[in-house]
Amino acid sequence: PGCNPRLVTHTGVPSLPAAMEVGAAAAAAAAGSVGMGLFSYNRGNYMFDQKNHWARFSAGLNMAISQMGQYRADVEQMTELTVSRQDCYHGIAAMGLTILTAIYCPGRLGLHTSPPPGWLMGLAFVNIGGCYLFLGLTLWLAMHASMRADTACTHMLTRFVRLPVPSQGMMDKARKFLSSFEEQPLREVFRVPFMVHGSGSEGGKGGKYNEDMELDEAAKGRSRHGYDVPAWYKKEKAIDNDKTVETIGSMLPLDARGTAPEHFEAYREIQHEWFPYDVYARLSIFLAFMHLTHCWAYMQIGHQLQETRALFACVIVLLPIFVLQQVILTLDIIPSGFPLHRLGPFALWFAFAAAVIEYKRWFTAEAQAVGFVLVYAAYAIHIMYTLQLIRLCAPSSAPPAVAESPGASWWPGEWCLPAAFQHAIWLVAPPKQLEDGQTDIVGELRAAQAGVKSTTAAAGGGGSPAEKRADVHRALGRQGESPAWVNVKSGLVVMVVAWLWLIFGFTIEVINQGTAHPSLLSAPGVPNHMRDPRYRPAKPGKEERTEVGTGGAIHGPAVGVHAHAVERRLQASAADLHEIAAKLRDVLPHLQGLSNADGVLGASETPAPAAEGLQVEWPVFFEPHHLACGQAASTPAAVAISKHGRGVLVDLSKGSLLHQFALQGVAEHGAITSVALDHLGLLAATSTGVVLECAGAAPQ
């Protein structure tokens, strides 16, 4: 009594409701502990991922900025290669124009002496004209290539190839607050590790992630890849790939795209607008200097034979020029087929042989005919040589593939270039593929924001090789030829027309030689047959050979010339002739006296007295070189002078020295070569041609 009764079982344990409460409390405690553990685990992962994300975001953009700086340097270096090469071409062309102008104006043949024959002047002046033509083309083509490349470089650097500097909004999006963990789905907040929680049916809009990781099969089941990635990771990928870098877009033609960085692809496309001008500026330099060396040779033939008559010396001049031309052809041209262009320098020797026949001493009709044949041969060689140059300089429709090797020039196979000059062009185009081990971070950012799996531009291009090449050359004309090649070809065609014109003109002169009209032009007031006496027919008879340039009294150049048609410098009136005859009569007696006196006017037959010696003691170290006699203060005297101006005055009546003196101001005019003494003073002539006067009767 006085106590509360308890309901106990026969075993002595608590009842069932109490046990259930204890179990629920234990389960709640365990669930709370597990939930806190999962929350802390996933929250720690979130914190770690956000730190890594910011570090990766910063490092990736820093590397992208550095690589874009490298890309900007690539554009600048490729442009500088073109610009510096064109500057070199400009300097060479300016030097060539200076030399050529000196040859054409003050150094031309026929300016101070009689000119060489017309056919030789034609050979020289056609080459001068060709040299002017191609040097002018060099200046204009090089100027176009340089300015276009420089403009393209500036355009790309200021618009396309820019540093991928992130905006403030991008950096704000990349930055995360720790409280943003609360925004994550509960399945990520309480995610149980080592279990797959995602599938393609949910959260699969962003695609699969981390599929490129290399894991073994045991670890692959525990890794987070595919659709099983955190929600914040998917969101970060969307933010990081949104407008990270600007892109140039798809502006490339068929088969021009590769796997190289996008700025390389764009630069290679823009390069189509100036690379033909770069190439043909180089070829114009070659053509100009080949014509210049021909001009030098022909001018030397005319100079050595017409002005100096140095027959063998002319060969010594022609031989080095001939070798130089062959060396230039070897260095610049790799021909396919027969090397017909090597025939061009041989025209010098045909012209030399024809000029020797032209200037040989005795005229013969047979030698003249041989000379005509040699002239025609020289013209024909130049025509064949120019036609071969047209073939070699033309763009090749199927050029050989250019292998990419370190330190060598390279350009795409679609570029139409003259294959014969491919080793002398030295073009460098951007590569189409990245080398092994190289990475294009900027390209990866572009590909990621475009949703492309590949990190580089897809290599496009279908169609046949001819279609690709035609599509690449959008800068070509309607006939499929670049304007640069059209200009160079036009110049070469004009040269062929010039050679044909010379052949026509020389044929006219050959037909008219030996007739009354040997030339279409003649000097004013002179008959046609007086213009060129070299084309005069020989005298009749085999024993009377005609010397070139004469013709004798019967067949000479003065035949048919009347006195009234020729202006003579010594022609005078009748009154002048009478005056001249009177003066000649007055001179004749004196000439008679000179002839009888052995050249001494007024000489008598009385022998001259013998010369008497005079003993004079010269001063010490005095070396007389000149002696002059005269009057010194009404005293017969003689002056002896050294070549440096030291002298003595000798009294001839007593044989003694009157004075010692030194001439001042003589040394600067050179050594004394002669002296004269009279009552007015002393005259001295020096080795420099100066005459000095020392006035006075005696030294002062």
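Residues numbered from 1 in each chain as written. Predicted model: local features only at pLDDT ≥ 70, side-chain atom pairs only at ≥ 80, totals over all residues. Heavy atoms only, no water.

A. Molecular detail of the pairing of strand E7 (residues 691–695). Little of E7 is tucked away: zero of the five residues are buried. Pairing geometry for strand E6 (residues 681–686) and E7, over five bridges, is antiparallel. The residue bridging Leu683 from the neighbouring strand is Glu693, located in E7. Counting the residues between successive antiparallel strands, the hairpin from E6 to E7 contains four residues, one of them, Gly689, with a positive phi of roughly 90°. (Buried < 20%, exposed > 50% of the residue type's maximum accessible area, 1.4 Å probe, protein only. Helix = DSSP H or I, 4+ residues; strand = E, 2+ residues; numbered from the N terminus. Pairing = 2+ DSSP bridges.)

B. Fine view of the packing of aromatic side chains. Enumeration according to the criterion identifies 14 aromatic pairs in this entry. Between Tyr104 and Tyr132, the aromatic rings sit 6.1 Å apart at their centres with planes inclined by 85°, giving edge-to-face as the arrangement. Note that Tyr104 is positioned in helix H1 (residues 16–104) and Tyr132 in helix H2 (residues 118–159), a separation of 28 residues in sequence. An aromatic cluster is present here, built from Phe372, Tyr376, Tyr379, Trp499 and Phe506 joined pairwise through their rings. (Phe/Tyr/Trp six-rings, centres within 6.5 Å; stacked < 30°, edge-to-face > 60°.)

C. Just the nonpolar core, in detail. Ranked by internal contacts, the top residues of the largest apolar core, which has 99 residues, are Trp119, Leu123, Phe286, Tyr298, Ile301, Phe421 and Val488. With 20 residues, the top contributor of residues to this core is H2. The next biggest cluster of nonpolar side chains, apart from the first, holds 14 residues, and it includes Ala632, Phe661, Val666 and Leu682. (Core = buried A, V, L, I, M, F, W, Y, C linked by side-chain atoms within 4.5 Å.)

D. Local environment of the packing of H1 against H2. It is the contact of H1 with H2, at a shortest axis distance of 8 Å, that shows an interaxial angle of 160°. Taken together, the axes of H1 and H2 are roughly antiparallel relative to one another. Two packed elements cross with a definite hand, and for H1 against H2 that hand is left-handed. Its residues assigned to classes, the contact of H1 with H2 shows 20 nonpolar, eight polar and three charged. (Axes fitted to C-alpha atoms, helices over the stretch in contact; angles between N-to-C directions. Parallel < 35°, antiparallel > 145°, perpendicular 65-115°, else oblique. Left-handed = near helix turned anticlockwise from the far one by under 90°. Nonpolar A, V, L, I, M, F, W, Y, C, P; charged D, E, K, R; others polar.)

E. Quick look at the pattern of salt bridges. By the definition in use, this model includes four salt bridges. For Glu273, the salt bridge goes to Arg148, with nearest N and O atoms at 2.6 Å. In this pair, Glu273 is assigned in the loop between helix H7 (262–270) and helix H8 (275–307) and Arg148 in helix H2, connecting sequence segments 125 residues apart. A salt bridge links Lys583 to Glu579; its shortest N-O distance comes to 3.6 Å. One end of the pair, Lys583, and the other, Glu579, are both in helix H16 (residues 574–596), four residues apart, so they sit about a helical turn from each other. You can call Lys583 exposed: its relative accessible area is 51%. (Salt bridge = Lys/Arg side-chain N within 4 Å of Asp/Glu carboxyl O.)

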